[in-house]
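Now for the letters of each chain:
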Amino acid sequence: MNEELFRQYILDSQVVDEVQLEMAETTYPDLFIEEALEKLGFASEHQIYGNVSKMLDIPYVDLNIKIPSIFAVRLVLPWVLKKHVVIPLACDSETIEIATACPGDIFVIDDIAFATDRQVIERLARRRQIIETLHDILGGDLGSGDLEVTHEEEHHEEEEYQAEDFLQFDDIEAENAAIKIANRLLKNAIYRSASDMHVEPRRDKVYIRDRVDGELHIVCELPFSTGIPVIGRLKILAKMDIAEKRRPQDGSLTVKTKKQQCDLRVSSIPTPFGEKIVIRFLYPNRGSVQLSEIGLLPDIAQRLVALAKSPQGFAIVTGPTGSGKSSTLCSIINSIKSEVTNIVSVEDPIEYKIPGVNQIGVNEKQGMTFAGALRAILRQDPDVVYVGEIRDPETAKTCIQAAQTGHMVFSTLHTNDAVSAITRLINIGIEPYNIASSLSAVLAQRLSRRICRECAYQVVPSPDEERALSVLGTEVQYSLSRGAGCEKCYNSGFSGRIAVTELLVIDDHIRSQIVEGASTNEVLDSARKSGMRTMWETGLTLVAQGVTTLEEMARHVPRSVVEHVHGDTPQTILIADDDPEIQTLIEMALRPLKARVYAASDGEAALSMIFANPPDVVITDVNMPKCDGITLCRKIRENPKTAHIPVIVLTADATEDAEISSLETGANDFVRKPFNRKTLPARVRAVYKRSKA
């Protein structure tokens, strides 16, 4: 910047005289002249630049509001911008508009015109704003001289940053507010380990929300006049076209903090009130995640590792977006990689850098598709192939062929559960016999928040929790927990997430079913008979272990799976009998149902239990103290809250009158003692199914 020319502009504008100018230069030699004049009270920067603008008849621009075009910036080499301290603002095919603190410098105009082959149009801007904008655009390495200023964009302050639930910006000055607010928003999100940040313009405000452990939380509410420049600032950082606001855009950047480095993927879409920005945070250390860290149950983890080490096969991880599929696949890859294994991946985009894996990024604009990259990979002699996602028939067929020709292939798919992956592959266009011959396993998963270990405390199971957990059987020991809320978990009671999974291993019987076109339910029944646990059952195990809560787990596991698994089987059964030996015999007979069985020794106690926490089925004796079985059955039917409960009368009275009396009172079945221990569970299941129908 031409200091002598700028000094002359200040004198010619008559905002100060020469004596004041020399006094400012002598008193504050380390400050810019305009800042020194303001510090001495001779003239404010606003007055100085305003008078110069009027004198030269050149419009003044505020760089907090006027956002530079990334296309204009790219026209000029960085060293030229740093040398002359200018910012390209906009351009077309013939002109380029620049912001400068010293208009009229012929050397600046000639250099910019020569570099861009365009006519230069000058705009006046404050020098400090230009320098800070250069830092934002070009980074911290700006050389020496006038540009040696401290800038918050570096994101690695010495002091420890304390993440906040709800940010306040009362301490942000109007000058460079958008830059400072954007910096703090990004820093706060990274320190909270957020996975996403949503910047959402609405009618009168711009809302900022972070997604932490899968949950969106409002971080702050910005006035519309402040929030829109913040959106522009984020677009500049992501190298997006700030002039384009009518179509979706994608961008990226890397942010470093004292804590870590983070890659950011930025997406914008137009809305009626402005552009909505979503930033996805990709933490590099996630690529080194180990299988033990994602929270798989030990038996599932062991089976996964054994499958992954197979010389050939096809394993799929399924689930909706954000269910942790990529992290799980990274952990599987990390468990099998070695110096003697050639592992190659094709991803769109490469989310996590996995040490020891050759990763290829898809670029469809340049003709690099999933299927094309995968075909090229197969010519590279891979042992293990990781395909980021199966999106089309060609990719699916190539994966199948790779698995059939001696490679271990991993990929992801979007389905609700493990068994549905088979149907999805068939719908894509894969022949059932090809699926049967190549598919090894399908892991379906969701993510559930973990109870914070710092503030966890044990609780007694509620009736609803006991009812749900009864499917695990009476032998399971409960250790339920809750999170009280503390500083570490931001008073949520949860910290981190755990995978709730179901693993479908394709055995010979299931292969036959696939070829024969068996239904999803038939395949699921076969898998369960082979020992497969559904996501719901895995989730219940985690609840019983105190890792998560029933409410939290139930929010993420698909209800259709829950209803299919447990729709035909009662979860709680009440036995009303005054003979303890009979109670024990009935309980032993019902163990195949894996239901929670509890008992009452008389009719009144049974009624109290039924009204307090209605069971799925009641088995009652006829002759009991205080209230006999017939009366018990009648009172159950008279109460609207319990009238639907199926009742089985179990008695030693073999007379026809006893059976007629029981059925007329409303019993669903009549069983004579001694009962058949093998048929009793079938009778219980049958009356339960009829009652639901």
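Every value quoted in this text rests on a predicted model; they were computed, and no experiment measured them.

J.: Give a description of the sheet that holds strand β11 (residues 343–347) that names residues and reports values.
T.: Read from one edge of the open sheet, 7 strands run β12-β11-β13-β14-β10-β15-β18, paired in mixed fashion. Two strands lie at the open edges of the sheet, namely β12 (358–361) and β18 (494–505), each paired on one side alone. Direction aside, neighbouring strands of the sheet carry axes that sit 20° apart on average. Where β11 lies against strand β13 (residues 384–387), 4 bridges are found, and the strand directions are parallel. In the strand pairing of β13, valine 346 is matched with valine 387. Helix-sheet contacts for helix α15 (residues 420–428) involve β10 (313–318), β14 (408–413), β15 (439–451) and β18, and the interaxial angle to β14 is about 90°.

J.: Give me helix α23 (residues 580–589): which residues, what numbers.
T.: By the burial criterion, the buried members of α23 are Ile582, Gln583, Ile586 and Ala589. For α23, the arc enclosing every buried residue in end-on projection is 130°, short of the 170-degree limit, so these residues lie on one face. Set apart from the buried face of α23 by more than 90 degrees, the exposed residues are Pro580 and Glu581. Those residues of α23 that are buried lie in contact with β19 (572–576), β20 (596–600), β21 (617–620), β22 (647–651) and α27 (680–692). Of the residues flanking the start of α23, the one acting as N-cap is aspartate 579, its side-chain oxygen 2.9 Å from the backbone nitrogen of glutamate 581.

J.: Any details on the sheet that holds strand β9 (residues 274–282)? Residues and values, ideally.
T.: Neighbouring strands of a sheet are bound in pairs by backbone hydrogen bonds; such pairs are parallel or else antiparallel. The sheet built from 6 strands is open, its strands ordered β6-β5-β4-β9-β8-β7 with antiparallel pairing. Where the open sheet ends on each side, the last strands, each with one partner, are β6 (215–223) and β7 (249–256). Direction aside, neighbouring strands of the sheet carry axes that sit 20° apart on average. Helix α10 (residues 224–237) contacts β4 (196–201), β5 (205–212), β6, β7 and β9 of the sheet and is inclined by roughly 115° relative to β6.

J.: Account for unusual backbone geometry, naming residues and giving values.
T.: Across the junction of lysine 673 and proline 674, the peptide omega takes the value -5°, indicating a cis bond. In this structure, proline 674 sits in the loop between β23 (669–672) and α27. Its identity as a non-glycine residue notwithstanding, aspartate 213 has a phi of 55°, on the positive side. Looking at the secondary structure, you find aspartate 213 in the loop between β5 and β6. Its relative accessible area of 21% is what places aspartate 213 among the partly exposed residues. With phi around 55°, aspartate 381 is a residue other than glycine that occupies positive phi space.

J.: I'd like a rundown of the nonpolar core, residues and numbers included.
T.: Formed by 58 residues in total, the largest nonpolar core has its most connected members in Phe314, Leu504 and Leu540. In terms of residue count, helix α20 (residues 535–544) provides more of this core than any other element does, 6 residues in total. Once residues lying within four places of it in the same chain are set aside, the contact partners of leucine 504 are Ala418, Val419, Ile422, Ser440, Ala441, Val442, Ile510, Ala527 and Met532. Counting 40 residues, the second largest nonpolar core, distinct from the first, contains Val15, Phe32, Tyr49 and Val52.

J.: Account for the state of the cysteines, with residues named and values stated.
T.: For the structure shown, the criterion picks out 0 disulfides. The structure places no disulfide on cysteine 455, whose sulfur is separated from the nearest cysteine sulfur, that of cysteine 486, by 3.8 Å. Unpaired in this structure, cysteine 489 has its nearest cysteine sulfur neighbour in cysteine 486, at a distance of 3.7 Å. Judged by relative accessible area, cysteine 489 falls into the buried class, the value being 3%.

The rules behind the values
Residues numbered from 1 in each chain as written. Predicted model: local features only at pLDDT ≥ 70, side-chain atom pairs only at ≥ 80, totals over all residues. Heavy atoms only, no water. Pairing = 2+ DSSP bridges. Helix = DSSP H or I, 4+ residues; strand = E, 2+ residues; numbered from the N terminus. Axes fitted to C-alpha atoms, helices over the stretch in contact; angles between N-to-C directions. Contact = heavy atoms within 4.5 Å. Buried < 20%, exposed > 50% of the residue type's maximum accessible area, 1.4 Å probe, protein only. Arc of directions from axis to C-beta. Polar contact = N/O pair within 3.5 Å; in protein donor to acceptor, adjacent residues only side chain to side chain. Core = buried A, V, L, I, M, F, W, Y, C linked by side-chain atoms within 4.5 Å. Disulfide = S-S within 2.5 Å.

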